[in-house]
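The chain contents come next:
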Amino acid sequence: MKRTLFVLLAMLPLMGIAKKKVAKPDVSVSWLRVENMEKPMGIDTDKPRFSWIILSEKQDVRQTAYQIVVTTDKGEVWNSGRVESDQQLWVPYDGEKLKSATACSWKVKVWTTVGETDWSEEECFGIGLLKENHWTGRWIGLERLMPGEQRGLHSRLAARYVRKEFELAKSVKRAIAYVAGIGLHELHVNGVIYNREVLVPMPTDYRKTVLYNTYDITEALKEKNAIGLVLGNGRVFPMRQNKPYKTPVFGLPKCRINIFIEFTDGTTKRISTDEKWKITANGPIRSNNEYDGEIYDA
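So, here is what we can say about the structure in this document.

**Quick word on the packing of aromatic side chains**
Ring pairs (aromatic) are described by centroid distance and by the angle formed between their planes. Here the structure, examined in full by the defined rule, presents nine aromatic pairs. With 6.3 Å between their ring centres and 25° between their planes, Phe-50 and Trp-78 make a pair best called stacked. You can see Phe-50 sitting in strand β2 (residues 49-56) and its partner Trp-78 sitting in strand β4 (residues 75-79), a full 28 residues away along the chain. Judged by its relative accessible area of 0%, Phe-50 is buried. Ring geometry for Phe-50 versus Phe-125: centroids 5.8 Å apart, planes at 70°, classification edge-to-face. Pair noted here: Phe-50 is in strand β2 and Phe-125 is in strand β9 (residues 123-126), with a separation of 75 residues, a long-range link.

**A short note on the environment of Asn-79**
Along the chain, Asn-79 falls in strand β4. As a C-alpha pair, Asn-79 and Val-69 span 10 residues in sequence and 4.5 Å in three-dimensional space. Other than its neighbours up to four places away in sequence, Asn-79 contacts Gln-67, Ile-68 and Val-69. Polar contacts involving the side chain of Asn-79 include one to the side chain of Gln-67, which spans 3.0 Å. Within polar-contact distance, the side chain of Asn-79 engages the backbone nitrogen of Gly-81 at 2.9 Å.

**Here we look at the environment of Thr-72**
Within the fold, Thr-72 resides in strand β3 (residues 63-72). Placed 46 residues apart in sequence, Thr-72 and Asp-26 show a C-alpha to C-alpha distance of 31 Å.

**Observations regarding the sheet that holds strand β13 (residues 192-193)**
Pairing is antiparallel in the open sheet, where five strands are placed in the order β13-β12-β15-β10-β18. Lying at the two open borders of the sheet, with one neighbouring strand each, are β13 and β18 (278-280). In this structure, strand β10 (residues 160-167) lies alongside strand β15 (residues 224-232), joined through eight bridges in antiparallel fashion. Its bridge partner being in β15, Phe-166 is matched across the sheet by Asn-225.

**Structural notes on the pattern of salt bridges**
Tallied over the entire structure, the rule returns 19 salt bridges. Here Arg-138 and Glu-275 are joined by a salt bridge, their closest N and O atoms 3.8 Å apart. In this pair, Arg-138 sits in the loop between β9 and β10 while Glu-275 sits in the loop between β17 (268-272) and β18, placing the two residues 137 residues apart along the sequence. Residue Arg-138 is classed as partly exposed on the basis of its relative accessible area of 42%. In this structure, the salt-bridge partner of Glu-149 is Arg-160, at a minimum N-O distance of 2.6 Å. Separated by 11 residues along the polypeptide, Glu-149 in the loop between β9 and β10 and Arg-160 in strand β10 bring together distant segments of the chain. The buried category is assigned to Glu-149, whose relative accessible area is 11%. Salt bridges sharing partners connect three or more residues here, namely Asp-73, Lys-173, Arg-174 and Glu-262.

What counts and how
Residues numbered from 1 in each chain as written. Predicted model: local features only at pLDDT ≥ 70, side-chain atom pairs only at ≥ 80, totals over all residues. Heavy atoms only, no water. Phe/Tyr/Trp six-rings, centres within 6.5 Å; stacked < 30°, edge-to-face > 60°. Helix = DSSP H or I, 4+ residues; strand = E, 2+ residues; numbered from the N terminus. Buried < 20%, exposed > 50% of the residue type's maximum accessible area, 1.4 Å probe, protein only. Contact = heavy atoms within 4.5 Å. Polar contact = N/O pair within 3.5 Å; in protein donor to acceptor, adjacent residues only side chain to side chain. Pairing = 2+ DSSP bridges. Salt bridge = Lys/Arg side-chain N within 4 Å of Asp/Glu carboxyl O.

Okay, structure coming up:
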């Protein structure tokens, strides 16, 4: 009896009962990009374009088809289905119209000459504020030179410090800050500095274009909160006026901020700059511009 049982157990692999190892696909999809950016939070179009690359240890691997799925909090907004194409760059979105301040996620799988990939990991992206009337609040700033400031051959202008305190009584699911600074800016949320890059945003002709930056501030928010923004000159206030005809003057630094907060219970809140925000030039940065650096008084 024991010998018979041993024979039966030994035969199990031959009978196909043993668990088989699942073979990994020979190809995978990676480096997902939206508008050629990794996880952008504020793209300026409601019809984004998607890109990816395929990875394989084999040679001469070519894509033959792809499938993209895009979702929002309301569910699936686009499923391309299987599309017979070798296109991997700038594949246009073709689903439901995406609105301003919408948080999205997407994934892709592809078919190739050596087989199909698994679904990629989901990547996120967000739609920015697409039109002027999608912003609320107002531009704020100091409208005159403060004591010790001057314009001319040796310009001198202190940084502007903007601040707003507020309380939240609910648990936060997601919070996105849209910051438009005419000049340069550095965002602070409850002591967390959100952009340590310098010269943000890049300069433009402010008569035609004003750029804004987008920040995910979810992790920094608490029950009691303080939002702060340091505003520098950038190219708004002239640097050296030895050649005034080459250096346009756009005025003094200003900012406009919209913060979208979504709570776990589904409700939302928007905080915007207005006349109730505090603003001062009495901070440690006494002078700043791109040519002469800054004077910092601790």
